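One-letter residues, chain by chain:
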Amino acid sequence: MAWISLVIAGICEMSGVAMMNQYTQDRKWRSLLLLIIAFGASFVFLSMAMETLPMGTAYAIWTGIGASGGALIGMLFYGESKDWKRILFIAMVLSAAVGLKLVS
């Protein structure tokens, strides 16, 4: 259950980053509210995961999902570079997160 909470926390983190970008573009209250909700939910699910998982593992995976997901969202929806080197390094971050799960 802790791993599911951690993945949900990472997805909420990705949503929060996307809403942060959206808010900087449109300055609407709706975007700000969704940003606050997404980051709040991310912290709640992260804290639930950390009740069972070691802090270092949980935090590393959470930030890995958030950073990789944010970069992917930027590429897919906001026209950021899709250079093969960028994709390679995103894959490396995700591989490291999977590796941490395998050794935990």
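Up top you'll find the structure we're talking about.
Description of the structure in this document.

What counts and how
Each chain has its residues counted from 1, running along the sequence as written. Per-residue local features are limited, in this predicted model, to residues with pLDDT of at least 70; the limit for side-chain atom pairs, both in listing and counting, is 80 or more; totals at the level of whole chains, interfaces and linings are taken over all residues. Side-chain figures throughout are based on the complete set of non-hydrogen atoms in the structure, without hydrogens or water. Strands are runs of DSSP state E lasting at least two residues, helices are runs of H or I lasting at least four, and both sets are numbered from the N terminus onward. What makes two residues a contact is simply this: any of their non-hydrogen atoms within 4.5 Å. Should a side-chain nitrogen of Lys or Arg be within 4 Å of a carboxyl oxygen of Asp or Glu, the pair is scored as a salt bridge. In this scheme, a residue with accessible area under 20% of its type's maximum is buried, one over 50% is exposed, and one in between is partly exposed, where area comes from a 1.4 Å probe on protein chains only. In this scheme Phe, Tyr and Trp rings, the latter by its six-membered ring, pair at centre separations within 6.5 Å, and the angle between planes marks the pair as stacked below 30 degrees, edge-to-face above 60, and tilted otherwise. Two limits define a charge over a ring: the Lys NZ or Arg CZ must be within 6 Å of the ring centre, and within 35 degrees of the ring normal. We call a set of buried Ala, Val, Leu, Ile, Met, Phe, Trp, Tyr and Cys residues a nonpolar core when their side-chain atoms join them within 4.5 Å. One less than the number of residues in a helix, times 1.5 Å, gives the span that helix is expected to have.

## A closer look at the side chain of S42
Note that S42 resides in helix α2 (residues 29–49). Contacts of S42, omitting those with residues within four sequence positions, involve A9, C12, E13 and W62.

## A look at the pattern of salt bridges
Opposite charge on two side chains makes pairing possible when the charged atoms of those side chains draw close. Counting across every chain of the model gives one salt bridge. E80 is the partner of R86 in a salt bridge, and the nearest nitrogen-oxygen pair spans 2.9 Å. Residue R86 is classed as partly exposed on the basis of its relative accessible area, which comes to 29%. E80 sits in the partly exposed class, given a relative accessible area of 32%.

## Remarks on the environment of W62
Here W62 lies in helix α3 (residues 55–77). Residue classification places W62 among the buried positions, given a relative accessible area of 6%. Sequence separation of W62 and A9 is 53 residues, and the distance between their C-alpha atoms is 6.8 Å. Setting aside anything within four residues of it in sequence, one finds W62 in contact with L6, A9, G10, E13, S42, F43 and L46.

## Some thoughts on the packing of aromatic side chains
The final tally for this structure, using the stated rule, is two aromatic pairs. Between F43 and W62, the ring centres sit 5.7 Å apart and the planes meet at 45°, which makes this aromatic pair tilted. With F43 in helix α2 and W62 in helix α3, this residue pair connects regions lying 19 residues apart in the sequence. Aromatic pair Y59 and W62: ring centres 5.6 Å apart, planes at 45°, arrangement tilted. Of this pair, Y59 and W62 are both found in helix α3, three residues apart, which corresponds to roughly one turn of the helix. Joined through ring pairs, the aromatic side chains of F43, Y59 and W62 make up one cluster. We note K101 situated over the ring of W3; from NZ or CZ to the ring centre the distance is 4.9 Å.

## Some thoughts on the nonpolar core
Counting 14 residues, the largest nonpolar core has L6, L46, L53, A58, I61 and W62 as the members making the most contacts within it. Elements with a contribution of two residues or more to this core: α1 (2–26), α2 and α3. Sequence-distant contacts of I61, defined by excluding residues within four places in its chain, comprise W3, L6, A97, L100 and K101.

## Digging into α1
For an α-helix, the turn length of 3.6 residues means that residues three or four places apart are oriented alike. An ideal rise of 1.5 Å per residue puts 36 Å on 25 residues; α1 measures up with 36 Å between its terminal C-alpha atoms. Taken together, the buried positions of α1 are A2, S5, L6, A9, G10, C12, E13, M14, G16 and A18. Looking one or two places after α1, you find R27, whose phi comes out positive at around 55°.

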